[in-house]
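A closer look at the structure
One-letter residues, chain by chain:
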Amino acid sequence: DVKVTQSSRYLVKRTGEKVFLECVQDMDHENMFWYRQDPGLGLRLIYFSYDVKMKEKGDIPEGYSVSREKKERFSLILESASTNQTSMYLCASSPAGTRQYEQYFGPGTRLTVT
Amino acid sequence: RKEVEQDPGPFNVPEGATVAFNCTYSNSASQSFFWYRQDCRKEPKLLMSVYSSGNEDGRFTAQLNRASQYISLLIRDSKLSDSATYLCVVSPPSGNTPLVFGKGTRLSVIA
């Protein structure tokens, strides 16, 4: 079974703090993704990566950065957290090739910025 | 125009009912289509792919109409455990571009 784990289920941070969200997958997937999910707005793609040390901006990259130093790990960084970044953050991974559209999601991190 | 549009619902149906969801997509060159399911407070999971010829998996049937650019999901004999949000998902035309997710349709099956 594919397993995608995220470092925290719940996180509370203060405005201006630097926040690290970690994601690890154990199926040797090439592709990894970070989304946020908000009521009424659905899933929105923040960043994605198709290879180690590679990253691409998604639809809403502002205020975020990412790091992929190892194939199995994809980190999302909030350089200076703001209240409008309070959200559910979901990481996903998928294999390359014909199965690239089978995304496996982690359980999510609910981040509250106060 | 939004890329993938779904009726948000909620659809409240009794157990045993048949329910259908539709989804429209804006890019006629989109290549692949999927339904994901998201239970309350859980992560999305792939439910099924959607093929031009239609496909069935038990009580679930997915159909694609390329001419009208819509995808449907039919659930027969609804169970309480089918209660979830169903996300319509489309892959853009170019090979290495991420999936586009609809906002989802919420289904509640009532005893």
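Report follows, based on the coordinates. Nothing here was measured: the structure is a model prediction, and the numbers come from that model.

**Observations regarding the overall build of chain A**
- Assigned secondary structure in chain A consists of zero helices and eleven strands.
- Taken from N to C terminus, the helices and strands of chain A fall in the order β-β-β-β-β-β-β-β-β-β-β.
- Since a compact globule built from 114 residues should have a radius of gyration of about 13 Å, the 13 Å found for chain A is in line with a globular shape.
- Residues counted as buried form 50% of the 114 residues belonging to chain A.
- By sequence separation, contacts in chain A at least 24 residues apart represent 56% of the contacts at least 6 residues apart.
- Summing over all exposed atoms, chain A offers an accessible surface of approximately 5,600 Å²; the carbon and sulfur share of this is 49%.
- Across chain A, the 16 positively charged side chains and the 15 negatively charged ones have centroids separated by 6 Å.

**Concerning the sheet that holds strand 6 (residues 55–57) of chain B**
All names here are of chain B.
- Pairing is antiparallel in the open sheet, where five strands are placed in the order 1-3-8-7-6. Each edge of the open sheet is held by one strand with a lone partner, namely strand 1 (4–6) and strand 6. Across this sheet, the average inter-strand angle for adjacent strands is 20°, counted without regard to direction.

**Quick notes on the environment of B:Ser72**
- Along the chain, the position of B:Ser72 falls in strand 8 (residues 70–75).
- Those residues in contact with B:Ser72 that lie beyond four places of it in its chain are B:Phe21, B:Asn22, B:Trp35, B:Thr61, B:Ala62 and B:Gln63.

**Focus: the interface of chain A and chain B**
- Each partner contributes residues to the interface: chain A has 19 residues there, and chain B has 17 residues.
- Of the roughly 1,500 Å² buried at the junction of chain A and chain B (both faces included), carbon and sulfur atoms supply 56%.
- Three residues, A:Tyr50, A:Tyr101 and A:Phe105, lead the burial of chain A against chain B; their summed loss comes to 41% of the area buried on that side.
- Viewed at the interface, chain B and chain A are joined by zero salt bridges.
- Counting across the chain A and chain B interface gives four residue pairs in polar contact (both at pLDDT 80 or more).
- Those elements that place two or more of their residues in the side of chain A that touches chain B are strand 4 (31–38) and strand 5 (42–49) of chain A.
- Broken down by element, the residue count for the side of chain A that touches chain B peaks at four residues, all from strand 5 of chain A.
- Split into classes, the residues belonging to the side of chain A that touches chain B amount to eleven nonpolar, six polar and two charged.

Each value, and the rule that gives it
Residues numbered from 1 in each chain as written. Chains lettered and ligands numbered in written order. Predicted model: local features only at pLDDT ≥ 70, side-chain atom pairs only at ≥ 80, totals over all residues. Heavy atoms only, no water. Helix = DSSP H or I, 4+ residues; strand = E, 2+ residues; numbered from the N terminus. Rg over C-alpha atoms; globule rule 2.2 N^0.38 Å. Buried < 20%, exposed > 50% of the residue type's maximum accessible area, 1.4 Å probe, protein only. Contact = heavy atoms within 4.5 Å. Areas by Shrake-Rupley, 256 points an atom, 1.4 Å probe, with all protein chains shown as cover. Lys, Arg positive; Asp, Glu negative; His and termini not counted. Charge placed at Lys NZ, Arg CZ, Asp CG, Glu CD. Pairing = 2+ DSSP bridges. Axes fitted to C-alpha atoms, helices over the stretch in contact; angles between N-to-C directions. Buried area = accessible area lost by both parts, 1.4 Å probe. Salt bridge = Lys/Arg side-chain N within 4 Å of Asp/Glu carboxyl O. Polar contact = N/O pair within 3.5 Å; in protein donor to acceptor, adjacent residues only side chain to side chain. Nonpolar A, V, L, I, M, F, W, Y, C, P; charged D, E, K, R; others polar.

The values are spatial; any link to function lies outside them.
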